[in-house]
Each structure stands twice: as C-alpha cells, then as structure tokens.
Amino acid sequence: MSGVLPTSAETVVVGAGIIGLTTALHLARAGREVVVIDKAEPWREGSAVNAGTCALQNKVTDLLPAYRLGLAEWRRLVAEMDGDFGFINRGGLRVAQSAEDVAALRYRAAEQAAQGVELEWLEGNALRDRAPWLSPSVTAATFCADDSFASPLLTGQALIRAIRSEGGQVVVAALTDRREKGDGYDLLTEAGTLSCRNVVVAAGPWSDRVASLFGIHLPVSLNVNTLSVTERTGQFMDNLVVTHIAGRFTLKQFPNGSCILGGGFQGRGDKDTGRKELDLDQLQANIRYQCSVVPQLQDLTLLRSWVGFTAIATDGRPTVGPTPGRPGLFFAFSTNAGFSIGPYVGRIVSEAVMGRTMPAIAHDWTPGRFIA
Ligand SMILES: Cc1cc2nc3c(=O)[nH]c(=O)nc-3n(C[C@H](O)[C@H](O)[C@H](O)COP(=O)(O)OP(=O)(O)OC[C@H]3O[C@@H](n4cnc5c(N)ncnc54)[C@H](O)[C@@H]3O)c2cc1C
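These remarks concern the structure in this document.

A short note on the site of the ligand
Lining the immediate surroundings of the ligand are 35 residues, of which Asp38, Ser47, Thr53, Asn336 and Ser340 lie closest. With respect to the ligand, the backbone of Ile19 contributes an N or O atom lying 3.1 Å from an oxygen atom. Contacts to the ligand include Asp38, whose side-chain N or O atom sits 2.6 Å from an oxygen atom. Relative to its free-state accessible area of 1000 Å², the ligand is covered by the protein chains to the extent of 94%. Of all the elements in the fold, those that place two or more residues in the shell around the ligand are α1 (18-29), β2 (34-38), α2 (46-49), β18 (302-313) and α9 (338-353). Across the shell around the ligand, the residue classes tally to 18 nonpolar, 14 polar and three charged. Split by domain, the shell around the ligand shows at least three residues from each of two domains, domain 1 (8-48 + 153-219 + 315-370) and domain 2 (92-145 + 221-313).

Here's the deal with the packing of helix α3 (residues 64-80) against α9
With their axes 7 Å apart at the nearest point, α3 and α9 run at an angle of 80° to one another. Our classification of the angle between α3 and α9 gives roughly perpendicular. Taken together, the residues of α9 that come into contact with α3 (itself represented by Ala66, Tyr67, Leu69, Gly70, Leu71, Glu73, Trp74, Arg76 and Leu77) are Phe339, Ser340, Ile341, Pro343, Tyr344 and Arg347. Class assignment for the residues of the contact of α3 with α9 results in 10 nonpolar, two polar and three charged.

Some remarks on the pairing of β18
The buried fraction of β18 amounts to nine of the 12 residues, a majority that puts the element mostly inside the structure. Looking at chain direction, strand β12 (residues 220-232) and β18 are connected through 11 bridges and run antiparallel. Opposite Thr226, over in β18, you have Val307 as the bridge partner.

Cut-off values and rules
- Residues numbered from 1 in each chain as written.
- Predicted model: local features only at pLDDT ≥ 70, side-chain atom pairs only at ≥ 80, totals over all residues.
- Heavy atoms only, no water.
- Near = heavy atom within 4 Å.
- Polar contact = N/O pair within 3.5 Å; in protein donor to acceptor, adjacent residues only side chain to side chain.
- Areas by Shrake-Rupley, 256 points an atom, 1.4 Å probe, with all protein chains shown as cover.
- Helix = DSSP H or I, 4+ residues; strand = E, 2+ residues; numbered from the N terminus.
- Nonpolar A, V, L, I, M, F, W, Y, C, P; charged D, E, K, R; others polar.
- Domains from an automatic or database assignment.
- Axes fitted to C-alpha atoms, helices over the stretch in contact; angles between N-to-C directions.
- Parallel < 35°, antiparallel > 145°, perpendicular 65-115°, else oblique.
- Contact = heavy atoms within 4.5 Å.
- Buried < 20%, exposed > 50% of the residue type's maximum accessible area, 1.4 Å probe, protein only.
- Pairing = 2+ DSSP bridges.

All we've got here are geometric facts, nothing functional implied.
This is how it looks when you write it as structure tokens:
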C-alpha cells in the first residue's frame, strides 16, 4: 500500500527496489527525513521477480570482493532487523559436467581461493553423498559454505515495513522532470511536486532515463532475465544453491518446496513501454539445462515462467555515489546480480548522502566516470 506524496523531504530516493529501499532504510534509521518514490506499486520490478540468489562462487572475479561485502551486508540486515527475509545460508554447489567444465571449475576455484573464498572440491563418492539428487553427468562440484539465497517477496515486505516504522515514506509517484533551486531540487512527479535537498537515483534499468532528466547521459543497457517456478514437492535439495561453471544457471528449492529455475536466459522487453515477453526457445533451453543437472525436475509441473528487467552498465561495474559538479545528486544502481550486492550499495550511498566518504572499493563505481 502506498502513502500520500508530501511536499518536501530532505532526501528523495527514486526507485523502490532493493537498492532504493535499503538506502532509505539506513537514512531513516539515522533519523533523516526520507521519501521513496516509485513509478508503480513499490517492489514490482527486478527486485521483486528475481531468483533470490546471493551466492559468491558464481560471481565475476573482479567484483568478488564487492559481492563478499554484499553478503556480509545481507547477514547484518537479517541479524539487525525483525523482519523475515527468507534468508537461507546453507551453502552452494557449483557444478561441472563436461571435461572442459571440470578444467574451468578447477581454474576458477584456484582463482577464487586466491581471493580468500573457501571452497571444497567434490567428486566421486564425496559428491554423490553430498548431493545424491545431482545427475550422474555432474562429475565435479565446488561447495562454498557462504552461498545463500533470500526470498524476494518477503524481503520487499520486510524493508517497506521497516522504513515506515522508522518514519520514512514509500509513495507511488513517477518522476517526470525536475527543476534546480537554491540548495536542492523540485521534483515533478505524476502525483505532485516534491522539494528536496538530495536525490538518490536508484531506478535500476531506468536510471539512464532519470539521469537524462538531470541532463546527464549514462550508458545503461537492459537484460531481460527468465525465471520459472515449479509446483511444491518434498524438500530434496538440502537448501543448497546450485550454479554451473558453464554459466546461465541457478537453481534452488524454497522452503515451501517450489524449485526456482533461473540463470539469465534472455526474453524480450522494452523498458520504455514496459513490454515483457518470454522467448520460448530460450525457456526450453533453460529448462532442459536444469533437468540435465537435476533430473528430478522432470517429474515436476512448471507452474509459471516470467521475465524481468536488470540494468547492465557497459563496463560491468555498479554505479554508486555523488555526481561531480551536481551537489545533492547521487546515483545507486547495480549491474547484473543486484539482489546480491544491493544492500551494500544501499548502505554506502546512504552514507555518502550523510556526508561520509565513499569506501575505496567503490572508487571506480562513481557516476563521474561516465560524465565528460
Ligand atoms: C528474472 C531475474 C532474476 C534475477 N536473479 C537474480 C539473482 O538470483 N541474484 C541477484 O543478485 N540478482 C538477480 N537479478 C538481478 C536483480 O534482481 C537486480 O539487479 C536488482 O533487483 C536491481 O535492484 P534495483 O533496486 O537497482 O532496481 P529495480 O528493482 O529495478 O528497482 C528500480 C525501481 O525504480 C523505479 N523507477 C524507474 N523509473 C522511475 C521513475 N521515473 N520514477 C519513479 N520510480 C522509477 C522502478 O519502477 C523500479 O521499481 C535477477 C533479475 C531478474 C529480472
């Protein structure tokens, strides 16, 4: 349920996804006046419809330290707050099927171990004992105790409740334009005008569209990720997250027994019209791939498949922090696995709004890198 748009606030966050809401939560908890606006009912886009994977070992090596911070932030969020996020940390398996996969898995495992990720190599009986539900075609896997997942549905509900209980507001209001004024901005929305000192643009794939309202060009492209959910069945995957060394694969079983088949097979869509369509060839390929790893999936009815939008920055890095030469204007959007890293991005941008320096890890994430 959305509230009524006030006429002013110290900080306005544009976008009620995981980054916008965690930003607002930190500001509200610090006693700052904050309003989150969203063009539609809050928590309806990527953050609501994603696979919930917060794994470490399926992440690109360059950003591994950032994803570790993301995971630490998830743990802090879950420990510090009353809400139920459906966060489960029982570890994950990254599997290999072909000989090339096994070689690639060894290479990646060594690379990740060098970065301090603790992995256990599994093959033969050790692998069968750990995961008897894996296909015999899976010949090796690495186990990472840090791999986790959370429920997107519960997370959104918990964050919105927490922001409101800390005095923040979450309101439906599409930002359509802005006017600069002395020490801040007048934000023009479909629900009225809102004056503020700070704006945090956390509009996910639409961050480039919002940036253009401020006369800034940001290169943000779009991924249209596919996800499917099966009927409920008895627990058989021991709450593990399964990923694949060959990529485009995530699988887990939620506590209600449903299996969630994801990994980034692409559908079709247009962020300006909001059109989203499954690509049936991609969907079939996704499901075949999953069944080749966990054959038991073949016996389950697929209940629903859908696609959702994810922002992709051209250089593969998140975009977070103050905008050079534009006091009070901040950006905070991720690239790709934004559910995993989102709470960390929300924390550091909220701290920047409160005048703190951005951490060293984020120095090449600044929006300034795109601004001539
Ligand atoms: C199917 C799928 C599966 C995925 N699986 C995973 C996964 O397992 N693990 C993982 O880490 N990541 C996953 N992702 C990616 C992850 O969901 C996103 O990276 C992350 O949720 C982005 O969060 P966000 O807050 O940046 O943006 P979003 O959740 O996209 O939120 C942005 C918000 O901004 C609002 N907005 C836009 N323009 C305006 C405007 N003009 N005025 C007001 N509001 C506006 C939008 O309505 C939206 O609510 C997946 C994505 C999809 C689609």
